[in-house]
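Tertiary structure, described
Here is how the chains run, residue by residue.
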Amino acid sequence: MSPQSYFEHMCPRIESGRRLLLPGELGCALSHLEIYKKVIESQHPALILEDDIKINSNNMNAVRDVIETIQNPDYINFAQYRHSFKKHELTKGIYVADTSSGFWGTAAYYISKNMAKYLLEQHSNHIQLADNWQEFFVHCPYAPFYAPLFIHHGIESQIGSREKPPQNPSLRGGIKLRILRLSMTFLATPRYILKIKKAKKIINRIK
């Protein structure tokens, strides 16, 4: 990302009185926005996983069970952090999420097509942190659920706390993401092929 492109994204934030995003924060947000567009285009809900999330037949079966239990959910945070987002238990291992304080994280989450549209709207005036869930859910018409199935080590706060301040805004930022459609097929770019081939073998075993 060039310095010019970085500051073009940042100008609306500055005008809105928001702080500058670090290049990595911006890259992360842009990656998720591209996924939301693909979800809308595909007309399918999606499970979005950061690259370091390990999947296997057990946790993928558990994901499917959670989705079927809730019935047509719009948002589920599936990452297990040291901080809990549990508000009250819906059924064993599935919770209504507490979005009142410290609700963050994009390591593993599920969104519907409607939620993807809503999230794109939240970034329409100026780009935001990808995991600004606390603010996103203030007026959100969709219920947030939390089912901590995927372990994600070393994350203690929002995306911004994972980075040191950059020395140069032209540094490339972002994270590798995988999108798993509920129909159990992957949407992906070529650089994720190895990850996806391994994942497809797991998916095929649980079909």
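The rules behind each value
- Residues numbered from 1 in each chain as written.
- Predicted model: local features only at pLDDT ≥ 70, side-chain atom pairs only at ≥ 80, totals over all residues.
- Heavy atoms only, no water.
- Buried < 20%, exposed > 50% of the residue type's maximum accessible area, 1.4 Å probe, protein only.
- Helix = DSSP H or I, 4+ residues; strand = E, 2+ residues; numbered from the N terminus.
- Pairing = 2+ DSSP bridges.
- Polar contact = N/O pair within 3.5 Å; in protein donor to acceptor, adjacent residues only side chain to side chain.
- pLDDT = per-residue confidence, 0-100.
- Contact = heavy atoms within 4.5 Å.
- Expected span 1.5 Å × (residues − 1).
- Axes fitted to C-alpha atoms, helices over the stretch in contact; angles between N-to-C directions.
- Parallel < 35°, antiparallel > 145°, perpendicular 65-115°, else oblique.
- Left-handed = near helix turned anticlockwise from the far one by under 90°.
- Salt bridge = Lys/Arg side-chain N within 4 Å of Asp/Glu carboxyl O.

A word on the pairing of strand β6 (residues 144-151)
Side chains on a regular strand alternate between the two faces of the sheet. The buried count for β6 comes to six of eight residues, which makes it a mostly enclosed element. Across two bridges, the pairing between strand β4 (residues 94-97) and β6 is antiparallel. Counterpart to Tyr-95 in the pairing with β6 is Tyr-146.

Description of the side chain of Thr-106
For Thr-106, the position within the fold is in the loop between β4 and β5 (108-111). By relative accessible area, Thr-106 is classed as buried at 0%. Polar side-chain contacts of Thr-106 include one of 2.7 Å to the side chain of Glu-50.

Quick word on the confidence of the model for the chain
Atom-level detail of predicted coordinates should not be read off regions where pLDDT is low. Scored by pLDDT, the chain comes out at a mean of 78, with 73% of its residues at no less than 70. At the low end of the mean pLDDT range in the chain sits strand β8 (residues 186-187), at 32; at the high end sits helix α4 (residues 113-122), at 97. Note that residues 160-175 has pLDDT below 50 and, in this model, 34 contacts with residues that lie over four places away or in other chains. Within the model, pLDDT remains below 50 along residues 181-207, and this stretch shows 40 contacts once partners closer than five positions in the same chain are excluded.

Thoughts on helix α2 (residues 23-42)
Here α2 is 20 residues long and its end C-alpha atoms lie 29 Å apart, about the 28 Å a rise of 1.5 Å per residue gives. Most of α2 sits out of view: 14 of its 20 residues are buried.

Topic: unusual backbone geometry
The phi torsion at Gln-43 lies on the positive side, around 65°, for a residue other than glycine. With respect to the helices, strands and loops of the structure, Gln-43 is situated in the loop between α2 and β1 (46-50). If you check the backbone angles, Asn-72 has positive phi at about 55° while not being a glycine. Here Asn-72 shows up in the loop between α3 (57-70) and β2 (75-80).

Describing the packing of helix α1 (residues 3-15) against α2
The contact between α1 and α2 brings their axes to 11 Å, and the two run at 80°. Considering the angle they form, α1 stands roughly perpendicular to α2. Counted together, Tyr-6, His-9 and Met-10 of α1 and Pro-23, Leu-26 and Leu-30 of α2 form the full contact between these two elements.

Points about the packing of α2 against α4
Running from amino to carboxyl end, α2 crosses α4 at an angle of 140°, the nearest separation of the two axes being 9 Å. By the angle class used here, α2 and α4 are oblique. Read as a crossing pair, α2 and α4 show a hand that is left-handed. Between α2, through Leu-33, Tyr-36, Lys-37, Val-39 and Ile-40, and α4, the contact on the second element is made entirely by Lys-113, Ala-116, Lys-117, Leu-119 and Leu-120.

Considering the pattern of salt bridges
This structure, assessed with the given rule, holds three salt bridges. Across the salt bridge formed by Glu-135 and Arg-18, the nearest N and O atoms sit 2.8 Å from each other. Of this pair, Glu-135 sits in helix α5 (residues 133-136) while Arg-18 is found in the loop between α1 and α2, placing the two residues 117 residues apart along the sequence. Looking at Glu-135, the relative accessible area reads 33%, which means it is partly exposed. For the salt bridge of Arg-19 with Glu-25, the shortest nitrogen-to-oxygen distance reads 2.9 Å. Taking the relative accessible area as the measure of exposure, Glu-25 reaches 1% and is therefore buried.

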